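Letter by letter, the chains look like this.
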Amino acid sequence: MQASSTPDFPIAILGAGFAGLGMGIQLKKAGILSFVIIEREDDVGGTWRDNTYPGCACDVPSDVYSYSFELNPDWSRAFSPWDEIRDYLRDCTDKYKLRDHMRLGVAVNEARFDEEAGFWNLSLSDGSTVTARAVVSGLGGLVDPAYPDIKGIHSFAGEVFHTARWNHDYDVAGKRVAVIGTGASAIQVVPEVAKEVAKLSVFQRTAAWVFPKRDYIVKESTKKRYRQFPFLQRAVRLIKYWMSEFVGPFVILDSPRLSGVFERISARHLDSSVVDATIREKLRPDFQFGCKRLLISDDYYPAFNRDNVELVTSGIEEIHANSIETADGVDHPIDALILATGYQLGLATAPFPIIGRDGRSLDDAWSDGAVAYKGVSVSGFPNWFIIMGPNTGPGHTSVLVYTEAQIRHALQAIRKMIAEDIKTVEVKQDVQDTYNTGLQKRMKHTVWTSGCSSWYLNEDGSNHSLYPGLAFEYVLRVRNFKPADYQIVPS
């Protein structure tokens, strides 16, 4: 398809992370140049632009956590640090000349569908409006930091910041620092901060299963071979992908027999890493492996062997001007407070007012939980495609496997609309309902519904975040855009 055939088919891509950039690249490869990428920040990179805390790195192997069509032979480690991933995305942006298509530093305030014209009208934060025949939302679900509601937190007189908004102007060296949280960000930042501070107090509400990471530096000879023979890196990527798929049932299914295999590995990792028996038991989880997010680290457990690190498991009662008081009556003096408390789950609600057909908002459509057909399309919202929408998160492998499959699906729909002069495509309500009913039935057999509390679950215990199966199955299901599943209105 030639670019000259698309000037009357404007496309808006929301977000300039892996999803948005990947969509832009594939549109250009298809010869469709009538698109704009709207990004609220001043640069590309998404989470890898925003998360710059010490120790920040990917917890998926680098060979898999990259575009399948743009492998990078120069990763420095098996699990890349944040700045290398950010630079990788910048390089992709420049290679495919996406900056001419970008509007940076501007956010979408509202999206409203014009039924008569078959266009989306996007109102932007700078007062302008973008009109698009199709919208591809690549905003992601874990973007805005979640701040804890703790009594007295606003009265704290010292320095306080979230890991996702790290204050590099503040020097933690020689300070008394507290970290609240023991999730994916905490297990990376704790070992690094512990090296510099006078004292580090880690406040743990729930212990987590931590699997050994087995990270390593990639040899220069390996990088050279990858550059000379790209098929070798593709082979390594494929092997690592199928290894993660093999792990899938152990992580996904509600089977104590399967999850017990990894519980024993994690327990051995804990027992061999932490010297003090009392601390070991405080760090030992009491829920089934996989019920919460799988964490990997080689240096988190050993950090608690340091004399300047303490693990606090008594609940936080109140934060005072210069200390944290716990439920056991102990007052913990601190100079700085680091919040490793995760993100607001953006999958549960619309990121901004999105008004579809018949004036119905996406929040209203999702009042009983976020749903979408194959995680990509929502009935009542024509020509709107979501990358990493409801029930498309993986619990065991690279999110980019899902992302690229969704990009291909949306691209097929857009190409059909252009080729056949289609005004709107909208997934049928019964098709969407049947798909999601099937997902929720399968969800009952997953570890995520086995009893633990996690950010995966809604208040009613339903899971609208993760996909209850393996990646290759999802890719097969979303591989083809099927017109019979959609209401198609010609121009």
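Residues numbered from 1 in each chain as written. Predicted model: local features only at pLDDT ≥ 70, side-chain atom pairs only at ≥ 80, totals over all residues. Heavy atoms only, no water.

Visitor: I tried to follow the overall build of the protein on my own but got confused; where do I start?
Guide: Scanning the protein for helices and strands turns up 13 helices and 23 strands. Taking 23 Å as the expected radius of gyration for a compact globule of 491 residues, we find that the protein reaches 23 Å, a close match to that expectation. Here the protein holds 491 residues, and 55% of them are scored as buried. The contacts of the protein with a sequence gap of at least 6 include a subset with a gap of at least 24, amounting to 72%. (Helix = DSSP H or I, 4+ residues; strand = E, 2+ residues; numbered from the N terminus. Rg over C-alpha atoms; globule rule 2.2 N^0.38 Å. Buried < 20%, exposed > 50% of the residue type's maximum accessible area, 1.4 Å probe, protein only. Contact = heavy atoms within 4.5 Å.)

Visitor: Could you clarify how one ought to interpret the pattern of salt bridges in this entry?
Guide: Pairing is possible between side chains that carry opposite charge, provided their charged atoms lie close to one another. Under the counting rule described, the total for this entry stands at 30 salt bridges. Among the salt bridges present, the one from aspartate 63 reaches lysine 240, with a minimum N-O distance of 2.9 Å. Here aspartate 63 is found in the loop between helix 2 (47-50) and helix 3 (82-95), whereas its partner lysine 240 is found in helix 6 (residues 230-252), with 177 residues between them in sequence. Notably, a salt bridge pairs arginine 176 with aspartate 335, separated by 3.0 Å at the nearest N-O pair. (Salt bridge = Lys/Arg side-chain N within 4 Å of Asp/Glu carboxyl O.)

Visitor: It is not clear to me how the sheet that holds strand 3 (residues 102-104) should be interpreted in this structure. Could you clarify?
Guide: Note: strands within a sheet are paired through backbone hydrogen bonds, in either parallel or antiparallel orientation. Sheet architecture is open: five strands sit in the order 3-2-1-7-21, paired in parallel fashion. Here the strands that pair on one side only, and so sit at the sheet edges, are strand 3 and strand 21 (384-386). Strand-to-strand twist in this sheet, taken as the mean axis angle between neighbours without regard to direction, amounts to 20°. Examined bridge by bridge, strand 2 (residues 35-39) and strand 3 share three bridges and lie parallel to one another. What sits directly across from isoleucine 38, in strand 3, is arginine 103. Here helix 1 (residues 18-29) sits on the sheet and contacts strand 1 (11-14), strand 2, strand 3 and strand 7 (134-137); the angle it forms with strand 1, its principal contact strand, is near 150°. (Pairing = 2+ DSSP bridges. Axes fitted to C-alpha atoms, helices over the stretch in contact; angles between N-to-C directions.)

Visitor: It is not clear to me how the side chain of histidine 101 should be interpreted in this structure. Could you clarify?
Guide: Along the chain, the position of histidine 101 falls in the loop between helix 3 and strand 3. In terms of polar contacts, histidine 101 uses its side chain to reach the backbone carbonyl oxygen of phenylalanine 35, at 3.0 Å. In this view, histidine 101 contacts Lys28, Leu33, Phe35, Val36 and Ile37; residues no more than four positions away in its chain are not counted. (Polar contact = N/O pair within 3.5 Å; in protein donor to acceptor, adjacent residues only side chain to side chain.)

Visitor: It is not clear to me how the nonpolar core should be interpreted in this structure. Could you clarify?
Guide: If you look at soluble globular proteins, the nonpolar side chains tend to sit buried side by side. The biggest cluster of nonpolar side chains holds 95 residues, and the ones touching the most others in it are Leu200 and Ile414. Broken down by element, the residue count for this core peaks at 11 residues, all from helix 11 (residues 399-419). One finds Val36, Val135, Val378 and Ile386 within the second-largest nonpolar core, a separate group that totals 27 residues. (Core = buried A, V, L, I, M, F, W, Y, C linked by side-chain atoms within 4.5 Å.)

Visitor: Before we go on, may I ask you to explain the packing of aromatic side chains in this structure?
Guide: The description of an aromatic ring pair uses the distance of the two centres, along with the angle that the planes make with each other. Summed over the entire model, instances satisfying the criterion amount to 29 aromatic pairs. Aromatic pair phenylalanine 113 and tryptophan 120: ring centres 5.2 Å apart, planes at 50°, arrangement tilted. The exposure classification of phenylalanine 113 matches that of tryptophan 120, with both residues buried. Judged by centre distance (5.2 Å) and plane angle (90°), the rings of tyrosine 300 and phenylalanine 304 are edge-to-face. The exposure classification of tyrosine 300 matches that of phenylalanine 304, with both residues buried. Each member of the aromatic cluster is reached from another via a ring pair, and the members are Phe18, Trp48, Tyr65, Tyr67, Phe69, Trp75, Tyr88 and Tyr96. Between lysine 175 and the ring centre of tyrosine 170, over which it is positioned, the NZ or CZ distance is 5.2 Å. Taking NZ or CZ as reference, lysine 292 lies 5.8 Å from the ring centre of phenylalanine 287, over its face. (Phe/Tyr/Trp six-rings, centres within 6.5 Å; stacked < 30°, edge-to-face > 60°. Lys NZ or Arg CZ within 6 Å of the ring centre and 35° of its normal.)

Visitor: Which parts of the structure should I look at to understand the pairing of strand 7?
Guide: For a regular strand, the rule is simple: side chains alternate between the two faces of the sheet. With burial as the criterion, each face of strand 7 is covered, one bearing Ala134 and Val136 and the other bearing Val135 and Ser137. In the sheet, strand 1 pairs with strand 7 via four bridges, with the strands oriented parallel. Bridging from a neighbouring strand, alanine 12 pairs with valine 135 of strand 7. Relative to strand 21, strand 7 runs parallel, the two being bridged by three bridges. Of the residues in strand 21, the one forming a bridge with valine 135 is tryptophan 384.

Visitor: Looking at this model, I keep getting lost on the side chain of glutamate 426. Mind explaining?
Guide: Tracing the backbone shows glutamate 426 in strand 22 (residues 422-427). Given a relative accessible area of 5%, glutamate 426 falls into the buried group. For glutamate 426, the side chain forms a polar contact with the side chain of arginine 357, separated by 2.5 Å. Those residues within four positions of glutamate 426 in sequence are excluded, and the remaining contacts are Arg357, Ser379, Gly380, Phe381, Pro382, Asp485, Tyr486 and Gln487.

Visitor: So what exactly am I meant to see when it comes to the packing of helix 6 against helix 7 (residues 256-273) here?
Guide: When two helices pack together, their arrangement is captured by the angle between the axes and the distance separating the axes. In contact at an axis separation of 7 Å, helix 6 and helix 7 are set at 110° when each is read in the N-to-C sense. It follows from the interaxial angle that helix 6 and helix 7 lie roughly perpendicular. Two secondary-structure elements touch here, helix 6 through Val247, Pro249 and Phe250 and helix 7 through Leu258, Ser259, Val261 and Phe262. Across the contact of helix 6 with helix 7, the residue classes tally to six nonpolar, one polar and no charged. (Parallel < 35°, antiparallel > 145°, perpendicular 65-115°, else oblique. Nonpolar A, V, L, I, M, F, W, Y, C, P; charged D, E, K, R; others polar.)

Visitor: Looking at this model, I keep getting lost on unusual backbone geometry. Mind explaining?
Guide: Glycine aside, residues mostly have negative phi, and peptide bonds are mostly found in the trans state. Even without a glycine there, the phi angle at aspartate 358 is positive, about 60°. You can see aspartate 358 is positioned in the loop between strand 20 (354-355) and helix 10 (362-365). The phi torsion at lysine 374 lies on the positive side, around 60°, for a residue other than glycine. One can find lysine 374 in the loop between helix 10 and strand 21.

Visitor: Teacher, can you tell me more about helix 7 here?
Guide: Spacing of three or four residues puts side chains on the same side of an α-helix, whose turn is 3.6 residues. Here helix 7 contains 18 residues, and its C-alpha end-to-end distance of 24 Å stays within 8% of the 26 Å for a straight helix at 1.5 Å per residue. Residues Ser259, Gly260, Phe262, Ser266, Ala267, His269, Leu270 and Ser273 constitute the buried set of helix 7. (Expected span 1.5 Å × (residues − 1).)

Visitor: Just to check I follow, could you spell out the environment of asparagine 458 for this structure?
Guide: The topology assignment puts asparagine 458 in the loop between helix 12 (429-443) and helix 13 (471-478). Judged by its relative accessible area of 23%, asparagine 458 falls in the partly exposed class. C-alpha separation for the pair asparagine 458 and lysine 428, spaced 30 residues apart in sequence, amounts to 25 Å. Beyond its immediate sequence surroundings of up to four residues, asparagine 458 is in contact with Gly369 and His464.

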